[in-house]
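Architecture at a glance
The residues making up each chain are set out below.
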Amino acid sequence: MIREPGGPEVLEWTERPDPVPGPGEVLIDVAASALNRADLLQRRGLYSPPPGVSDVPGLECSGTISALGDGVTGWRVGDEVCALLAGGGYSEKVVAPAAQVLPLPGGVDVVTAGGLPEVACTVWSNVAMLAGLRRGEVLLVHGGSGGIGTHAIQVGAALGATVAATASGDRLQRCRELGAQIVADYREQDFVEVVREATGGRGADVVLDNMGASYLGRNVDVLATGGRLVVIGLQGGVQGELNLATMLAKRATVAATGLRGRPVEGPDGKAAIVAQVREHVWPMIEAGTVRPVVHATLPMAQAAQAHRMLEAGGVLGKILLTT
């Protein structure tokens, strides 16, 4: 739990009553959860959970179903699963809407699966469902070495896109190994120039951005005609300026989306996203085309140390927390 807003030291491993699944929910005995940057913001008091959601951080988990709420079908006690959560993943037990639960992909163990739901649902909902990335297009992924980035590179390549990625240092080579054909060192290069040169001046058809305000102008500049920019993070600030003339000339689209606060049901709900991930992404993982990328695995009681690792930078893929 988070004792009070602050640094990693405010995270405490403590006792709480076991949760009870309500109608349409399942109780999961957690094997693993994983860090997401949203957890860091929540710990600092900058990203509160939605109303009615546990104040314990953790937006995904894996484990074994130990109880079913009323009306749940398609799942049984004893099933090994992973789940997309709105909170509560840093726990030994957590409840999740049954519609947000996924079977383990073939070939992935129960601990490794703890780092899949959030990245898979974020990438697929934005790159495929919202931006409509098509074979032959160019996808630019910012933060290519992070949890979202390592997954997005692989999914983009699996969809037949030419993938560009930003990272720094030796992580550029890792992005190449995951499927990026164009890489830009954000510390030393202008990604707009790199992508334009590599694409014969065309630019990127889809940009998946975790920076927000600080990259907004350059992201619009790098878009190809008909390009789509999707902002999913605000590491570079919350307010920026848009050149509407450039957008008009390019017939460009800018969207900003979040996953945590969506309803379970409905056309933009999490259930629809989870269903698409199961249909489209899980076969990629089972075929080995998309692979989980794990940087480190720590005990859940050492969540504070895991937060320090993520904040220090240099993490490649996901950090897992095990019970």
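Here the structure is a predicted model, which is why all the values come from computation and not from measurement. (Residues numbered from 1 in each chain as written. Predicted model: local features only at pLDDT ≥ 70, side-chain atom pairs only at ≥ 80, totals over all residues. Heavy atoms only, no water.)

1. Some details on the pattern of salt bridges
The condition is simple: Each salt bridge in this description consists of a side-chain nitrogen of Lys or Arg and a carboxyl oxygen of Asp or Glu lying within 4 Å of one another. Secondary structure elements follow DSSP: runs of H or I of four or more residues count as helices, runs of E of two or more count as strands, with numbering from the N terminus. Each residue gets one of three labels from its accessible area relative to the maximum for its type: buried under 20%, exposed over 50%, partly exposed in between, using a 1.4 Å probe on protein chains only.
All told, the structure shown has eleven salt bridges when counted by the stated rule. In this structure, Arg-228 engages Glu-137 in a salt bridge whose closest nitrogen and oxygen atoms are separated by 2.9 Å. With a gap of 91 residues between them, Arg-228 in strand β10 (residues 223-231) and Glu-137 in the loop between α2 (117-130) and β6 (138-141) connect regions that are remote in the sequence. The buried category is assigned to Arg-228, whose relative accessible area is 12%. Classification of Glu-137 by relative accessible area gives buried; the value is 6%. Taking the shortest distance from any N to any O, the salt bridge between Arg-174 and Glu-177 comes out at 3.3 Å. With Arg-174 and Glu-177 both in helix α4 (residues 171-178) and three residues apart, this pair spans about one turn of that helix. One network of salt bridges, with partners in common, ties together Arg-134, Glu-137 and Arg-228.

2. Notes on the nonpolar core
Here is the rule we go by: Here the nonpolar core consists of buried residues drawn from Ala, Val, Leu, Ile, Met, Phe, Trp, Tyr and Cys, with membership extended through side-chain atoms lying within 4.5 Å.
Grouped together as the largest cluster of nonpolar side chains are 45 residues, with contacts concentrated most on Trp-124, Ile-153, Val-277 and Trp-282. Those elements that provide at least two residues to this core are β3 (80-84), α2, β6, α3 (147-158), β7 (162-167), α4, β9 (204-209) and α8 (270-286). No other element matches the seven residues that α8 contributes to this core.

3. Considerations on the pairing of β9
What counts here: Only when DSSP finds a minimum of two bridges between them are two strands counted as paired. Whether a crossover is right-handed comes down to one check: with the strands pointing away from the viewer, does the path from the first strand over the helix to the second run clockwise; if it does, it is right-handed.
Among the six residues that make up β9, six are buried, leaving the element largely enclosed by the rest of the structure. The pairing of β9 with β10 spans five bridges and is parallel. Within the sheet, the bridge partner assigned to Ala-204 lies in β10 and is Leu-223. Crossover β9 to β10 through helix α6 (residues 216-222) is right-handed.

4. As for the side chain of Glu-137
Defined as follows: Nitrogen and oxygen atoms within 3.5 Å of one another constitute a polar contact, given that in protein one can donate a hydrogen and the other can accept it, and given that sequence-neighbouring residues count only through two side-chain atoms. The contact definition used throughout considers only heavy atoms, calling two residues in contact when any of these lie within 4.5 Å.
Within the local environment of Glu-137, its side chain forms a polar contact with the side chain of Arg-134, the two groups lying 2.9 Å apart. Among the polar contacts listed, one links the side chain of Glu-137 to the side chain of Arg-228, at a separation of 2.9 Å. Sequence-distant contacts of Glu-137, that is, excluding residues within four places in its chain, are made with Gly-132, Ala-161, Thr-162, Arg-202, Asp-205, Val-206 and Arg-228.

5. Comments concerning the packing of aromatic side chains
Condition: Centre distance within 6.5 Å is the pairing criterion for rings of Phe, Tyr and Trp, where only the six-membered ring of Trp is used; planes under 30 degrees apart are then read as stacked, over 60 as edge-to-face, and the remainder as tilted. The criterion is that NZ of a Lys, or CZ of an Arg, lies within 6 Å of the ring centre and within 35 degrees of the ring normal, and then a charge sits over that ring.
If you walk through the whole model with that rule in mind, you get one aromatic pair. The interplanar angle of 40 degrees and the centroid separation of 5.3 Å between the aromatic rings of Phe-191 and Tyr-215 together place this pair among those described as tilted. Of this pair, Phe-191 sits in helix α5 (residues 191-198) while Tyr-215 sits in the loop between β9 and α6, and the two are 24 residues apart along the sequence. Lying over the aromatic face of Tyr-215, Arg-218 brings its terminal NZ or CZ to 4.9 Å of the ring centre. Above the plane of the ring of Tyr-47 lies Arg-260, whose end atom (NZ or CZ) is 4.9 Å from the centre.

6. As for the layout of surface pockets
A water-sized probe rolled over the atoms picks out the places where empty space is left. We apply this condition: With a 1 Å grid spanning the protein atoms alone, the term cavity applies to any set of points in which a 1.4 Å probe fits but cannot get out, the term pocket to an open set with protein on both sides within 12 Å along at least five of seven lines, and the term lining residue to any residue with an atom within 4 Å of a point. Grid points are joined across faces, edges and corners, and a volume is the space filled by probe spheres set on the points.
There is about 730 Å³ of room inside the second largest pocket. Surrounding the second largest pocket, 35 residues form its lining, Ser-54, Gly-88, Ser-91, Lys-93 and Val-94 being those nearest its centre. Element by element, the count of residues in the lining of the second largest pocket is highest for strand β4 (residues 93-97), at five residues.

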